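Secondary and tertiary structure notes
Letter by letter, the chains look like this.
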Amino acid sequence: MVETILFVLAAAGALAGAVTVVLARNPIYSAVGLLGTLFSVAVLYVVQLAHLVAAVQVIVYAGAVMTLFLFVIMLIGVDKEEKREENLPRQRLWVGAVAGVIILFAAGVAVFGDFAWVPAATGPVDQEATNGTVQAIAEPLFTDWVLAFEATALLLTIAAAGAVVLAMFRRKRN
Amino acid sequence: MVDVGWYMALAAALFLIGALGMLLRRNALVMFMCIELMLNAVNLTLISAGRALNDLDGQVAVFFILVVAAAEVVVGLAIIVAIFRRRATASVDELSELRG
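Computed from a predicted structure; not experimentally measured.

1. What about the overall build of chain A?
What chain A contains, in helices and strands, is 6 helices and 0 strands. Each helix and strand of chain A, ordered N terminal to C terminal, gives the series α-α-α-α-α-α. In chain A, which comprises 174 residues, the share counted as buried stands at 24%. Considering only intrachain contacts with a sequence separation of at least 6, the fraction spanning at least 24 residues in chain A is 53%.

2. Notes on the interface of chain A and chain B
Opposite the 71 residues of chain A that make contact, chain B presents 63 residues. For the side of chain A that touches chain B, the elements supplying multiple residues, two or more each, are α1 (2–23), α2 (27–47), α3 (51–76), α4 (89–112), α5 (134–141) and α6 (146–168) of chain A. It is α3(A) that provides the largest number of residues to the side of chain A that touches chain B, a total of 12 residues.

3. Quick word on the nonpolar core
Ranked by size, the top nonpolar core spans 67 residues in total, and within it Ala11(B), Leu14(B), Leu29(B), Met33(B) and Leu37(B) carry the most contacts. Looking at this core, the elements that each hand over two or more residues are α1, α2, α3 and α6 of chain A together with α1 (4–24), α2 (28–52) and α3 (57–87) of chain B. Residue contributions to this core peak at 13 residues, all from α2(B). Excluding anything up to four places from it in sequence, Ala11(B) contacts Ala41(B), Leu44(B) and Thr45(B).

4. Thoughts on the confidence of the model for chain B
All names here are of chain B. Summing up the model confidence of chain B, the mean pLDDT is 85 and the portion of residues at 70 or higher is 95%. When mean pLDDT is taken per element in chain B, α2 scores highest with 91 and α1 scores lowest with 86. Here the complex is predicted with pTM 0.84, and the ipTM for its interfaces comes to 0.89.

5. Examining the confidence of the model for chain A
Overall, the prediction assigns chain A a mean pLDDT of 83, with 80% of residues at 70 or greater. Looking across chain A, the model is least confident in α4(A), with a mean pLDDT of 77, and most confident in α2(A), with 93.

6. So, the packing of α1(B) against α2(B)
Residues and elements named next belong to chain B. With their axes 8 Å apart at the nearest point, α1 and α2 run at an angle of 165° to one another. Judged by the inter-axis angle, α1 sits roughly antiparallel to α2. α2 is crossed by α1, and the crossing has left-handed handedness. For the pair α1 and α2, contact is made by Val4, Tyr7, Met8, Leu10, Ala11, Leu14, Phe15, Ile17, Gly18, Ala19, Gly21 and Met22 and by Val30, Met31, Cys34, Ile35, Leu37, Met38, Asn40, Ala41, Leu44, Thr45, Ser48 and Ala52, respectively. When the residues that make up the contact of α1 with α2 are grouped by side-chain class, the tally is 19 nonpolar, 5 polar and no charged.

7. Topic: α1(A)
Think of an α-helix as turning once every 3.6 residues; residues three or four places apart then point the same way. The end-to-end C-alpha distance of α1(A), which contains 22 residues, comes to 32 Å, matching closely the 32 Å that a straight helix rising 1.5 Å per residue would cover. Residues Phe7(A), Ala10(A), Ala11(A), Ala14(A), Gly17(A), Ala18(A), Val21(A) and Val22(A) constitute the buried set of α1(A). One face of α1(A) carries all of its buried residues, which in axial projection span an arc of 135°. Turned more than 90 degrees from where α1(A) packs its buried face, Ile5(A), Val8(A) and Ala12(A) sit exposed. Summarising the contacts, the buried residues of α1(A) are in contact with α2 of chain A together with α1 and α2 of chain B.

The rules behind these values
- Residues numbered from 1 in each chain as written.
- Chains lettered and ligands numbered in written order.
- Predicted model: local features only at pLDDT ≥ 70, side-chain atom pairs only at ≥ 80, totals over all residues.
- Helix = DSSP H or I, 4+ residues; strand = E, 2+ residues; numbered from the N terminus.
- Buried ≥ 20, exposed ≤ 12 C-beta atoms within 10 Å, placed from the backbone.
- Contact = placed C-beta atoms within 7 Å.
- Core = buried A, V, L, I, M, F, W, Y, C linked by C-beta atoms within 7 Å.
- pLDDT = per-residue confidence, 0-100.
- Axes fitted to C-alpha atoms, helices over the stretch in contact; angles between N-to-C directions.
- Parallel < 35°, antiparallel > 145°, perpendicular 65-115°, else oblique.
- Left-handed = near helix turned anticlockwise from the far one by under 90°.
- Nonpolar A, V, L, I, M, F, W, Y, C, P; charged D, E, K, R; others polar.
- Expected span 1.5 Å × (residues − 1).
- Arc of directions from axis to C-beta.

Pasting the structure below:
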């Protein structure tokens, strides 16, 4: 019962935030909408006992990433109005329609298909098996996934170095 | 307990909104936010499916996606700022040629 209430509230918040991201004219409002979606998704993580992932979501996404986004929006300036007229009217419409049909079909399979394509999902949910505490996440992270973990360390170093190189990029002439 | 299908439906809706924003908006920053929206939708499916399958690996996978997304945002925003310094615009329509 508690999960149902939390799911409805968080789902409404996530959808409202997502719609705000797409429809807001000012990028600042888009960023705030995305922040609401990120928090709502974090609530859904907690509801599903993914505690550590929810905490990381709030700290890394809602904290660091959104700060970076707002910083760049302020840097670039938000005063310019986005042009709304269509350059490729038919192409955009067709691509959007096809993508929408595919995604709605997938959602229909997920909701009405009763997960017949996932045999193990028919069993009862074991709350203990997926209780995402720090200890529970750390064990597979540092045993089965240790290679991927080290690769992400390398990736973060490369990303930081790449950002610095891009920031130091100067126009050659004048 | 909420059926896992509802989580999947919510994630599909979030992904759809993100994809539509990607197609409809011209501002590179807003398009970037729509990518984050789609990444979050996929993360939600991984966590929900992980719980339905009694498998913790879904949450570990989300962990890695968060790291990759953070790295992607750092480089992407640096590129947007670099482009803005050259062309003084964040609209992708005005950046249709790859010349500097």
